[in-house]
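Examination of the molecular architecture
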Amino acid sequence: MLDAARDAADFAYAPFSGFSVGSAVRTSTGELLTGCNVENSSYGLTICAERVAVFRAVAMGARSITAIAIFTRTSEPSTPCGACRQVLAEFAGDDLPVYLGGDTDEVLLTTLGALLPRAFRLDHEA
Ligand code: THU
């Protein structure tokens, strides 16, 4: 999954920050969807790589994500922003594995619950 996230980072549109991010999410039906960050001249319209991948999966019919990999072109792996953690919490449980990779061979494995303790969720019918 980190290989797919690394490949997706090549498509990042990040002319303002120069910070390329790629992500890949696995759905409960086994599909793998990738995303990259897409920046905008109106900075606030920028969307992170993680949300692109999650929203692609949802738009394909997925409602449950079983793993995510995030790749950044940094010497140390970077963690997802708060907004992306909350979006992940909509489609995954606290035990979601989160694989983090950067420009070295170091891979960090954490969980959504560790990154976003006591996530806000509303009960709803599927
Ligand atoms: N970014 C992501 O794609 N994911 C994150 O979790 C943090 C930030 C992007 C947004 C922006 O294009 C650039 O990284 C710098 O913030």
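Up top is the structure these notes are about.
Residues numbered from 1 in each chain as written. Predicted model: local features only at pLDDT ≥ 70, side-chain atom pairs only at ≥ 80, totals over all residues. Heavy atoms only, no water.

1. Section: the nonpolar core
The tendency in soluble globular proteins is for nonpolar side chains to be buried as a group. Keep this limit in mind: Side-chain atoms within 4.5 Å link the members of a nonpolar core, which is a set of buried Ala, Val, Leu, Ile, Met, Phe, Trp, Tyr and Cys residues. Summary of the burial criterion: residues with accessible area below 20% of their type's maximum are buried, those above 50% are exposed, and those between are partly exposed, where the area comes from a 1.4 Å probe applied to protein chains only. Counting from the N terminus, the helices are DSSP H or I runs at least four residues long and the strands are E runs at least two residues long. Two residues qualify as a contact provided that any one of their heavy atoms is within 4.5 Å of a heavy atom in the partner residue.
If you look at the biggest cluster of nonpolar residues, it comprises 23 residues, and the most contacted ones within it are Val25, Val54, Ile68, Leu96, Val98 and Leu112. Only strand S1 (21-27), helix H2 (49-59), strand S3 (65-72), helix H3 (82-91), strand S4 (97-101) and helix H4 (112-115) provide two or more residues apiece to this core. Beyond its immediate sequence surroundings of up to four residues, Val54 is in contact with Val25, Ile65, Val87, Leu88 and Phe91. Listed in part, the seven residues of the second largest apolar core include Ala5, Ala9, Ala69 and Phe71.

2. A look at the packing of aromatic side chains
Filter applied, for reference: Any Phe, Tyr or Trp ring, taking Trp's six-membered ring, that has another such ring centre within 6.5 Å forms a pair; planes under 30 degrees apart are called stacked, those over 60 apart edge-to-face, and the others tilted.
Scanning the model with the defined rule gives one aromatic pair in all. Between Phe16 and Tyr43, the ring centres sit 5.5 Å apart and the planes meet at 45°, which makes this aromatic pair tilted. Highlighted residues: Phe16 in the loop between helix H1 (2-9) and S1 and Tyr43 in the loop between strand S2 (32-36) and H2, separated in sequence by 27 residues. With relative accessibility at 41%, the residue Phe16 sits in the partly exposed group. Taking relative accessible area as the criterion, Tyr43 reaches 60% and is therefore assigned exposed.

3. Re the site of the ligand
Put simply, the rule is: Only heavy atoms are used to decide nearness, and a residue is near a molecule or strand if one of them lies within 4 Å of it. Identification of polar contacts relies on pairs of N or O atoms within 3.5 Å, with a donor-acceptor requirement for protein atoms, meaning one able to donate a hydrogen and the other able to accept it, and with residues adjacent in sequence counted only if both atoms are side-chain atoms. The Shrake-Rupley method, run with a 1.4 Å probe sphere, supplies the accessible areas, and residue values consider only the shown protein chains as cover. Just so you know the grouping, Ala, Val, Leu, Ile, Met, Phe, Trp, Tyr, Cys and Pro go in nonpolar, Asp, Glu, Lys and Arg go in charged, and all remaining residues, Gly too, go in polar.
In the neighbourhood of the ligand, the contacting residues comprise Ser17, Phe19, Val21, Asn37, Glu39, Thr46, Cys48, Ala49, Glu50, Pro80 and Cys81. Separating an oxygen atom of the ligand from a backbone N or O atom of Ala49 is a distance of 3.0 Å. Computed on the free molecule, the ligand has an accessible area of 370 Å², of which 78% lies beneath the protein chains in the complex. Tallied by class, residues from the shell around the ligand come to six nonpolar, three polar and two charged.

4. Overview of unusual backbone geometry
Excluding glycine, residues mostly carry a negative phi; peptide bonds, for their part, are mostly trans. With a phi close to 55°, Arg118 is a non-glycine residue in the positive phi region. Mapped onto the elements, Arg118 comes out in the segment after H4.

5. Here we look at the environment of Glu106
Looking at the element boundaries, Glu106 is found in the loop between S4 and strand S5 (107-111). The class of Glu106 is partly exposed, set by a relative accessible area of 37%. C-alpha of Glu106 to C-alpha of Ser75: the two residues are 31 residues apart in sequence and 8.9 Å apart in space. Setting aside chain neighbours within four positions, we find Glu106 in contact with Ser75, Pro77, Leu100 and Gly101.

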